[in-house]
Amino acid sequence: MSQELLINRLIDLARQARQAAYAPYADFKVGAAVLTADGRVFTGCNIENASYGATICAERVAIFSAVAAGQRQIAALAVIADTPKPVAPCGLCRQVLQEFGPDCQVIMANLAGEYQVVPMAQLFPYPFDLSR
Ligand code: THU
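Residues numbered from 1 in each chain as written. Predicted model: local features only at pLDDT ≥ 70, side-chain atom pairs only at ≥ 80, totals over all residues. Heavy atoms only, no water.

Visitor: Residue-level account of the nonpolar core, with values.
Guide: If you look at the biggest cluster of nonpolar residues, it comprises 23 residues, and the most contacted ones within it are V34, I63, I74, L77, L97 and V106. Residue assignment for this core shows that the elements contributing at least two residues are strand 1 (30-36), helix 2 (58-68), strand 3 (74-81), helix 3 (91-100), strand 4 (105-110) and helix 4 (120-123). Aside from chain neighbours lying at most four places away, what touches I74 is V34, L35, T36, I63, L97, F100, G101 and C104. If you look at the next biggest cluster of nonpolar residues, it comprises twelve residues, including I11, A14, A33 and L35. (Core = buried A, V, L, I, M, F, W, Y, C linked by side-chain atoms within 4.5 Å. Buried < 20%, exposed > 50% of the residue type's maximum accessible area, 1.4 Å probe, protein only. Helix = DSSP H or I, 4+ residues; strand = E, 2+ residues; numbered from the N terminus. Contact = heavy atoms within 4.5 Å.)

Visitor: Hey, could you go over the sheet that holds strand 5 (residues 115-119) for me, with residue numbers and the actual values?
Guide: Sheet architecture is open: five strands sit in the order 2-1-3-4-5, paired in mixed fashion. Two strands close off the open sheet at either side, each with one partner strand: strand 2 (41-45) and strand 5. Direction aside, neighbouring strands of the sheet carry axes that sit 15 degrees apart on average. Lying over the sheet, helix 1 (residues 3-18) contacts strand 1, strand 2, strand 3, strand 4 and strand 5, oriented at roughly 135 degrees with respect to strand 1. (Pairing = 2+ DSSP bridges. Axes fitted to C-alpha atoms, helices over the stretch in contact; angles between N-to-C directions.)

Below is the structure:
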């Protein structure tokens, strides 16, 4: 599959996943799709809670779903929302993505059909590192 086709496929899966978003508080729906090293795709949507801090972002739902299925190497992540510009993952999700996809490609998209591909190293240049 060509790079462009793959990108469009992941964006489309993220767009479909977004439809399940549960976002009655922020009224901001997000969808995500991750591609793992062995070619599998896992999707996620944001799931809010009346106790706002218990809310989880779409990206982490997708990443955790991959990890729970035994897939710990993420090659690409697509995220989509209804935003004027392609939506970028929050800082917390960048830190989580760093754990399982430090060299991945991050595809940021919006419903208008715009997207931007940025390598993780560029999106998150100074990750937390536990080594001492
Ligand atoms: N959200 C995501 O799903 N991903 C992000 O990267 C940022 C924010 C969700 C969480 C919450 O449900 C809503 O968007 C507003 O913050």
